Amino acid sequence: MMMLSVRRVWLLLALVALLGGCVRIGSAPSPSALVVRSPLPIASATSALPAATPRPTPAATPTPTASPTPGPTATPNDGAQVIDVTLADNLTIEPSKMTVTAGQPVRFVVTNDGALDHDFFVGSDKEQRQRESGTGEPGKDRFIAVPPGETVVLTMTFPTPGKTIAGCPISGQYSAGMKSNITIKAP
């Protein structure tokens, strides 16, 4: 019985301490002198609380959206080579091999058809591994984040022939095989 009384006293003290920061008593002892301040809006019995916002369901976007990081400006009629790329939750990038021409703009239309976040980063194996480990810079003109169900466009020009890699350096995905080899051929 004594234990119950101690709990009630502590509850009362906690309530008083809580209200002590929220209530200001004016000079007049009347009830109208009490001003209650609450850091949160108080809902009345007649007001409705806002409905929970549903999470989006991943779905392919029919048309490409703008790149979150500006790259080289290219227009739809610029003669760019268009490569449709799909990032999947089974840690693959399709196509697994790409061939582009040096000096010609390339427009990567990248769709994340999974439920996981994926990135699309163009760089050497060393750069991919650095990004995966959280070091190194992604290169604004070589990197885009592609949220689940979204399509993002990355337009770039490869200046010289050679080879490079497109990969997803998020949380070990690159090391697990989420990459595509890019061959850059001479014009």
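Residues numbered from 1 in each chain as written. Predicted model: local features only at pLDDT ≥ 70, side-chain atom pairs only at ≥ 80, totals over all residues. Heavy atoms only, no water.

## Quick notes on the sheet that holds strand 11 (residues 179–185)
- An order of 5-11-10-7-8 is seen for the 5 strands of this open sheet, with the pairing classed as mixed. Each having just a single partner strand, strand 5 (97–101) and strand 8 (143–146) make up the two edges of the open sheet. Across the sheet, the axes of successive neighbouring strands diverge by a mean angle of 20°, strand direction being ignored.
- As paired strands, strand 5 and strand 11 are joined by 5 bridges and run parallel to one another. Bridging from a neighbouring strand, Met98 pairs with Ile182 of strand 11.
- Together, strand 7 (118–123), strand 10 (162–167) and strand 11 form the strand contacts of helix 2 (residues 125–132), whose direction differs from that of strand 7 by roughly 145°. (Pairing = 2+ DSSP bridges. Helix = DSSP H or I, 4+ residues; strand = E, 2+ residues; numbered from the N terminus. Axes fitted to C-alpha atoms, helices over the stretch in contact; angles between N-to-C directions. Contact = heavy atoms within 4.5 Å.)

## Some points on the sheet that holds strand 4 (residues 92–94)
- Across the sheet, 4 strands lie side by side as 4-3-6-9; this open sheet has mixed pairing. The sheet is open, and its two edges are formed by strand 4 and strand 9 (151–157), each paired on a single side. Direction aside, neighbouring strands of the sheet carry axes that sit 25° apart on average.
- Pairing geometry for strand 3 (residues 81–88) and strand 6 (residues 105–112), over 7 bridges, is parallel. Counterpart to Thr86 in the pairing with strand 6 is Thr111.

## What about the pattern of salt bridges?
- Inspection of every chain in the model, using the stated rule, returns 2 salt bridges.
- Across the salt bridge formed by Arg129 and Asp125, the nearest N and O atoms sit 3.2 Å from each other. Of this pair, Arg129 and Asp125 both sit in helix 2, separated by 4 residues, roughly a single helical turn.
- Glu127 is the salt-bridge partner of Arg142, the closest N and O atoms lying 3.1 Å from each other. Of this pair, Arg142 sits in the loop between helix 2 and strand 8 while Glu127 sits in helix 2, placing them 15 residues apart in sequence.
- Owing to a relative accessible area of 26%, Glu127 belongs among the partly exposed residues under this scheme. (Salt bridge = Lys/Arg side-chain N within 4 Å of Asp/Glu carboxyl O. Buried < 20%, exposed > 50% of the residue type's maximum accessible area, 1.4 Å probe, protein only.)

## A short note on the pairing of strand 3
- Note: strand 3 against strand 4, 3 bridges, orientation antiparallel. Paired with Thr86 across the strands is Glu94, a residue of strand 4.
- If you look at the hairpin formed by strand 3 and strand 4, you'll find 3 residues sitting between the two strands, and Leu91 has a positive phi there, around 65°.

## Considering the confidence of the model for the protein chain
- Summing up the model confidence of the protein chain, the mean pLDDT is 75 and the portion of residues at 70 or higher is 58%.
- The low-confidence segment residues 22–75, where pLDDT is below 50, has 48 contacts with residues more than four positions distant or belonging to other chains. (pLDDT = per-residue confidence, 0-100.)

## Side note on the packing of aromatic side chains
- Scanning the model with the defined rule gives 2 aromatic pairs in all.
- A ring pair is formed by Phe108 and Phe120, whose centres lie 5.3 Å apart and whose planes are at 50°; its orientation type is tilted. Of this pair, Phe108 sits in strand 6 while Phe120 sits in strand 7, placing them 12 residues apart in sequence. Both residues of the pair, Phe108 and Phe120, count as buried.
- Measuring from ring centre to ring centre gives 6.4 Å for Phe108 and Phe158, while their planes differ by 90°; the resulting arrangement is edge-to-face. Taken together, the residues span a long stretch of sequence, with Phe108 in strand 6 and Phe158 in the loop between strand 9 and strand 10 at a distance of 50 residues.
- Residue classification places Phe108 among the buried residues on the basis of a relative accessible area of 0%.
- The cationic tip of Lys179 hangs over the ring face of Tyr174; the distance from NZ or CZ to the ring centre is 4.3 Å. (Phe/Tyr/Trp six-rings, centres within 6.5 Å; stacked < 30°, edge-to-face > 60°. Lys NZ or Arg CZ within 6 Å of the ring centre and 35° of its normal.)

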